[in-house]
Amino acid sequence: MKKNFLLLLIFLSGFFFSQEYKPDILGNGFEQKTLNFPNDYEGKVTATVIRKKAESPTHKAVLYIHGFNDYFFQAEMAEKFNEKGFDFYALDLRKYGRSYLPHQTFNNVRNLDEYNAEIDEALKIIGAENHNKILLAGHSTGGLITTRYMKYHTENPNIAGLWVNSPFYDFNMGFMAKKIGVPIISGLGKHYPDTKIGGGFSTLYGESLHKNFKGEWNYDLKLKPNANGKVNFGFIRAIHRAQRDIRNAELKVPVLVMHSEKSGYPKVWNEEVTTTDIILNVNDIHKNAENFKGNVTIVPVKGGIHDLVLSRKPVRIKLYDELFRWLQEIDF
C-alpha cells in the first residue's frame, strides 16, 4: 500500500511539475512548459508551449506554429509582437524541436488532427492566462495546420484572426508528380505509413539562414538541419489530405496570407536564394488563398524568402509594417 501511494505521489509531482513554466533555451525572458498527451503509435508524446510576455499586462496574445523541419527560434518575431502589446506564445509540436523524444521519428504524423490536442491545450492555457483576443499564426506546414484548424474550430470566441506566413497549401512539383505521384504515395501511406521517400529540397535554404554558413540566425542544427533527409508515406498522406480539405474553405475570422513575391529554383548559390521562396511555389499559395471564403487579405512580399520573418532586414521591416497595419484594420 505504501509503495503504491509513493508511486502515485511521484507521478502527480511529475505531472504538476511539467505544467509549470521554466526558463527556455532562448533565454531573455522566454519560458516554456511541457504538455503531456496519451501515447500514440510511437509511444510517449509531448508538446511544448513557449511564452514571452509583453512589458505591460495585456489581453492580446499570439499563438504561433512552426513549419516542417523546424521549431520555434524566431525571437525577433516574438519581440515585435511584445512591442505592440501582445503576449507571445509558440508551440513546438510533437516530434519537433523541444518536444522530440529519442524513441520518435522527427516530423512523423499520419493525420494533422493529431496536432489538435496541443493546439487546444495551448489555447486553453492562453485563455486561462487572461487573454480574450488571440491571433493564431503559422508558417509553412504550420500555416496549413492553422488554416485547417480554423476551418473546423469556430467555437472559440477568443480567436480573432489568422496570419499565415508562406503556408504549405500545395506541393511544389511538376504537374505529373503533383497530380499522379503524390496521390499514389498518399494512398500507399494508409497501409505503409513508415515507408520513406526523399524530402525534396536542397541545403541552400538552410545555408541562407544559419550564421555558420551565409545567414544571420542562430539555431540548433540538430533540430533544424539544412538537409531534412527523408519523410515517410504517412506524412505525405497527412499533408495531401489536409491540402485537399482546405480547398475553398470558409474561414470565420479575418485572415492575412503573406508569401514572397516570387519563387526561385536555384541549383547553386545565387541571389535567388536570399530574395525568393525556394521551397514553395507562391502561385499555389496565392491561388488557394483567393479561393477561401471570408475576409481574406493576400500580401506578396517583395524580396521575401520562405520564412518571411527570416528575410533580410529591410524586407522584415516592411513585413511587420504590413502585418501590424492589417491588425489595426481588423481592430485587433
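An unreviewed UniProt entry annotates the protein chain as Alpha/beta hydrolase originating from Kaistella carnis.

Let us look at the environment of V62. Examined against the element boundaries, V62 turns out to sit in strand 4 (residues 60-65). Since its relative accessible area comes to 0%, V62 is described here as buried. When neighbours within four sequence positions are excluded, V62 is seen to be in contact with F81, F86, D87, F88, Y89, L135 and A137.

In a soluble, globular protein the nonpolar side chains are often hidden away together inside. Counting 95 residues, the largest nonpolar core has F81 and W163 as the members making the most contacts within it. Considering each element in turn, this core owes the most residues, seven residues, to helix 10 (residues 313-329). What F81 contacts, discounting residues up to four positions off in sequence, is V62, F86, F88, L135, W163, L323, F324 and L327.

With respect to the secondary-structure elements, A47 resides in strand 3 (residues 43-52). Relative accessible area serves as the criterion here: at 0%, A47 is assigned to the buried category. Along the backbone, A47 and A122 are 75 residues apart, and their C-alpha atoms lie at a distance of 9.6 Å. The contacts of A47, once residues within four sequence positions are left out, are K33, T34, L35, F37, D92, R94, S99 and E118.

Following the criterion strictly, the structure yields 21 salt bridges and no others. In this structure, E31 and R51 form a salt bridge, with 2.7 Å as the shortest nitrogen-oxygen distance. Taken as a pair, E31 in strand 2 (residues 31-40) and R51 in strand 3 lie far apart in primary sequence, 20 residues in all. Beyond isolated ion pairs, a larger network of salt bridges with shared partners links D113, R148, K151 and D245.

Below, the discussion takes up empty space enclosed by the protein. Applying the stated criterion across every chain, the model contains one cavity of 30 Å³ or more. Here the largest cavity is characterised by a volume of approximately 50 Å³. Lining the largest cavity are T105, F106, N107, N108, V109, K196, K230, V231, N232 and F235. Sort the elements by how many residues they give to the lining of the largest cavity and strand 9 (residues 230-232) lands first, with three residues. Split into classes, the residues belonging to the lining of the largest cavity amount to four nonpolar, four polar and two charged.

Let's shift gears to the layout of surface pockets. Size it by volume and the second largest pocket reaches roughly 220 Å³. Lining the second largest pocket are 13 residues, with D170, K178, K179, R247 and K287 sitting closest to its centre. Those elements that place two or more of their residues in the lining of the second largest pocket are helix 5 (175-189), helix 7 (233-245) and helix 9 (282-290).

On to the side chain of D307. Tracing the backbone shows D307 in the loop between strand 11 (296-301) and helix 10. One buried charge, D307, has no salt-bridge partner; the nearest side chain with opposite charge is K224, at 6.2 Å. Polar side-chain contacts of D307 include one of 2.9 Å to the side chain of N165. Residues in contact with D307, not counting those within four places in the same chain, are Y64, Q74, H139, N165 and Y205.

Another point: helix 5. With 15 residues, helix 5 extends 21 Å between its outermost C-alpha atoms, agreeing within 8% with the 21 Å of an ideal straight helix rising 1.5 Å per residue. At G181, helix 5 is deflected by roughly 30°, the largest bend along its length, and proline P183 occurs up to four residues later in sequence.

Turning our eyes to something else, we now look at the packing of aromatic side chains. For any pair of aromatic rings, the description consists of the separation of the ring centres together with the inter-plane angle of the planes. All told, the structure shown has 16 aromatic pairs when counted by the stated rule. Relative to F235, the ring of F68 lies with its centre 5.0 Å away and its plane at 40°, an arrangement referred to as tilted. Of this pair, F68 sits in the loop between strand 4 and helix 2 (75-83) while F235 sits in helix 7; the two residues are 167 residues apart in sequence, bridging distant segments of the chain. We classify F68 as buried; its relative accessible area is 15%. Considering the side-chain rings of F81 and W163, the 6.1 Å spacing of their centres and the 50° angle between planes classify their relative orientation as tilted.

On to the sheet that holds strand 10 (residues 255-260), then. Read from one edge to the other, the open sheet built from nine strands follows the order 1-2-3-5-4-6-7-10-11, with strand pairing classed as mixed. For this open sheet the edge positions go to strand 1 (22-23) and strand 11, each flanked by a neighbour on one side alone. Here helix 3 (residues 116-128) sits on the sheet and contacts strand 2, strand 3, strand 4, strand 5 (87-92), strand 6 (133-139) and strand 7 (159-165); the angle it forms with strand 2, its principal contact strand, is near 140°. Across the sheet, helix 10 touches strand 6, strand 7, strand 10 and strand 11, and the angle it forms with strand 10 is around 165°.

Turning next to the side chain of T58. On the secondary structure map, T58 appears in the loop between strand 3 and strand 4. Accessibility expressed as a relative area gives 15% for T58, which makes it buried. Once residues within four sequence positions are removed from consideration, T58 is found in contact with G85, F86, D87, N130 and H131.

Parameters at a glance
Residues numbered from 1 in each chain as written. Predicted model: local features only at pLDDT ≥ 70, side-chain atom pairs only at ≥ 80, totals over all residues. Heavy atoms only, no water. Helix = DSSP H or I, 4+ residues; strand = E, 2+ residues; numbered from the N terminus. Buried < 20%, exposed > 50% of the residue type's maximum accessible area, 1.4 Å probe, protein only. Contact = heavy atoms within 4.5 Å. Core = buried A, V, L, I, M, F, W, Y, C linked by side-chain atoms within 4.5 Å. Salt bridge = Lys/Arg side-chain N within 4 Å of Asp/Glu carboxyl O. 1 Å grid on protein atoms, 1.4 Å probe; cavity = no way out; pocket = protein on both sides within 12 Å on 5 of 7 lines; lining within 4 Å. Points joined across faces, edges and corners; volume = space filled by probe spheres on them. Nonpolar A, V, L, I, M, F, W, Y, C, P; charged D, E, K, R; others polar. Lys, Arg positive; Asp, Glu negative; His and termini not counted. Polar contact = N/O pair within 3.5 Å; in protein donor to acceptor, adjacent residues only side chain to side chain. Expected span 1.5 Å × (residues − 1). Bend = angle between axes of the 7 residues up to and from the residue. Phe/Tyr/Trp six-rings, centres within 6.5 Å; stacked < 30°, edge-to-face > 60°. Pairing = 2+ DSSP bridges. Axes fitted to C-alpha atoms, helices over the stretch in contact; angles between N-to-C directions.

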